[in-house]
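# Structural characterization, general
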Amino acid sequence: METSLHIYNTLTRKKEEFKPLNDPFVGLYVCGPTVYSNVHLGNCRTFISFDLVNRYLRYLGYKVRYVRNITDAGHLENDSDEGEDKISKKARVEQLEPMQIVQTYTIDFHDKMRDFNTLAPDIEPTATGHIVEQIDIIKTILDNGLAYESNGSIYFDVKKYAETDNYGELSGRNIDELFSGTRDLDGQDEKRNATDFALWKKASPSHIMRWNSPWGIGFPGWHLECSVMSTKYLGEQFDIHGGGMDLKFPHHECEIAQNKAANGKHAVQYWMHANMLTFEGKKMSKSLDNSILPDELFTGNHKLLNKGYDPMVVRFFMLQAHYASTLDFSNEALEAAEKGFQRLMAGMSIVDALPVSESSDIETSAFRQKIEAAMNDDFNSPMVISHLFEVVKNINSIAEGRMKISDSEKEALSVFLKQIVFDVLGLKMAQESSNNDFMDGLMNIILDVRTRARANKDWGTSDAIRDQLAAMNIVVKDSKDGASWQVQ
Ligand code: AMP
Ligand code: ZN
């Protein structure tokens, strides 16, 4: 049983005991979204995975500074150094300002993060808000001889860096293979080597997002913002850096190289990578046209879905897989998650009403130990959930009189379950159903008043109620069985 937190470090490829650099403070940096489209469910999985990390660190008593950036410039198509900026392209196609695109999809991202009950980051910096700092770090890397200027752009000199450092240490890519595999690419002639990556790109006349720099008008390379913003808000060395598995290369590999080239230090103590949400075995992604948007899942309005699901059911579905394993999306898996979630919530909702006895057959502290051990083992949420089902089984046995619980244990169990299920797993009672129950109750009262008005031939009141509801898009239908209502 792990009594202290252990994290699988994707750099060392080992599970390591977590020792913060500056206990009890913990710096946590997670790469945020590029805000050029709605976040899909795959993106959400990664952010929910790190929400679990953030929440558990806080549960353990650490003072976490959680930084998650917004990429609002510099991320080019196909994650490469050529092609159009994803945001500029969308702005051009939709004939909008790039910052309108950024605003629209940042709001969407925040809405979805709230739907999934994730805690907001403490700091949410943007790439465009840190152009000055990005120019500064480029100057330092140039001064250190690890970058060069070419036709108004600045490239990181991977070959030079690899003479003294290990480019590929995170992703496990072999530097010789990288060089031989990419040498003959066309259109890369600005670079000394095809593996070199842009720190600063000269803006073509049609490139909308552009800033002044010592090297002319241009824009920063995508990898640079995360080096700069993590250093600015968490220091040259900090504890945990996370992102999706697909960011290991090139994004995080380049980030490591930039930091080392600027200050000689490996910034990150624990690299964590969340695994992908897949559909029929393929990574869910916009470009593969197999992505599902959270709203489509909540409403069931998608060709792949049988029905809609509450955001908490979806979160529960995600937590049933370990963050480092792939998770395949399917209707069946979601239906099973819905049943499991309801069973858990039903169990929780009867704890406070359980009958008490003198003695107790269950010990909350034993469950706490098991559940903490699971979380300490690299945030093993599926194991936590299986322990919670064991707790629910016990709760049901107590309710049916087959087991006993004392008053003090009942109190402890109630507090403990709320801490684990609400605070750590970030679940809450399903919103949609409780809202529906509330709405149903309210409408019953209103329609009852209207029915009585009609029985008294008070047509004025009856019509006023109908018209006022209609103004709120609620349509009342009268039939011989009584009145019914519908939101239009
Ligand atoms: P992007 O906006 O494309 O930079 O992606 C935002 C985050 O979502 C990154 O951390 C990606 O690694 C992650 N991501 C993208 N697709 C998936 C997926 N199918 N499953 C899990 N995470 C994903
Ligand atoms: Zn990043």
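Procedures and definitions
Residues numbered from 1 in each chain as written. Chains lettered and ligands numbered in written order. Predicted model: local features only at pLDDT ≥ 70, side-chain atom pairs only at ≥ 80, totals over all residues. Heavy atoms only, no water. Pairing = 2+ DSSP bridges. Helix = DSSP H or I, 4+ residues; strand = E, 2+ residues; numbered from the N terminus. Axes fitted to C-alpha atoms, helices over the stretch in contact; angles between N-to-C directions. Core = buried A, V, L, I, M, F, W, Y, C linked by side-chain atoms within 4.5 Å. Buried < 20%, exposed > 50% of the residue type's maximum accessible area, 1.4 Å probe, protein only. Domains from an automatic or database assignment. Contact = heavy atoms within 4.5 Å. Buried area = accessible area lost by both parts, 1.4 Å probe. Salt bridge = Lys/Arg side-chain N within 4 Å of Asp/Glu carboxyl O. Polar contact = N/O pair within 3.5 Å; in protein donor to acceptor, adjacent residues only side chain to side chain.

### With respect to the sheet that holds strand E5 (residues 147-150)
- Ordered in space as E5-E6-E7-E8, the four strands form an open sheet in which the pairing is antiparallel. Among the strands making up the open sheet, the edge pair consists of E5 and strand E8 (218-220). Across the sheet, the mean angle separating the axes of adjacent strands is 20 degrees when strand polarity is ignored.
- Bridge analysis of strand E6 (residues 153-156) against strand E7 (residues 197-202) gives three bridges, and the strand direction is antiparallel. Within the sheet, the bridge partner assigned to Ile 154 lies in E7 and is Trp 200.

### Thoughts on the nonpolar core
- Among the nonpolar cores identified, the biggest contains 86 residues, and Phe 329, Phe 379 and Leu 427 are the most heavily contacted of them.
- Among the elements that line this core, the one with the most residues is helix H1 (residues 41-59), at nine residues.
- Looking at this core, you find at least three residues from each of domain 1 (6-274) and domain 2 (278-487).
- Beyond its immediate stretch of four places on either side in the chain, Leu 427 contacts Asn 117, Met 312, Arg 315, Phe 316, Leu 319, Phe 341, Leu 344, Met 345, Val 421 and Phe 422.
- Grouped together as the second largest cluster of nonpolar side chains are 40 residues, Leu 11, Cys 31, Phe 156 and Trp 200 included.

### Some details on the pairing of strand E10 (residues 268-274)
- The buried count for E10 comes to six of seven residues, which makes it a mostly enclosed element.
- Where strand E9 (residues 238-244) lies against E10, six bridges are found, and the strand directions are parallel. Its bridge partner being in E10, Phe 238 is matched across the sheet by Val 268.

### Topic: the sheet that holds E9
- Sheet architecture is open: four strands sit in the order E4-E3-E9-E10, paired in parallel fashion. Two strands close off the open sheet at either side, each with one partner strand: strand E4 (63-68) and E10. Within the sheet, the average angular offset between the axes of one strand and its neighbour, ignoring direction, is 20 degrees.
- Note: strand E3 (residues 25-30) against E9, three bridges, orientation parallel. Residue Val 30 lies in a different strand from E9, and its bridge partner there is Gly 242.

### Focus: the domain arrangement of the chain
- Each assigned domain of the chain is listed here: domain 1 (6-274) and domain 2 (278-487).
- Its C-alpha centre places domain 1 at a distance of 36 Å from the equivalent point of domain 2.
- Taken together, the contact pairs 32 residues of domain 1 with 42 residues of domain 2.
- Summing both sides of the interface, domain 1 and domain 2 together bury roughly 3,100 Å²; the carbon and sulfur share of this comes to 63%.
- When the area that domain 1 buries against domain 2 is broken down by residue, the three leading residues are Leu 41, Arg 45 and Tyr 59, summing to 23%.
- The shortest N-O distance in the salt bridge between Asp 295 and Lys 112 comes to 3.6 Å.
- Applying the counting criterion to the domain 1 and domain 2 interface returns 16 residue pairs in polar contact (both at pLDDT 80 or more).
- Residue assignment for the side of domain 1 that touches domain 2 shows that the elements contributing at least two residues are strand E1 (6-9), H1, helix H3 (98-115) and E10.

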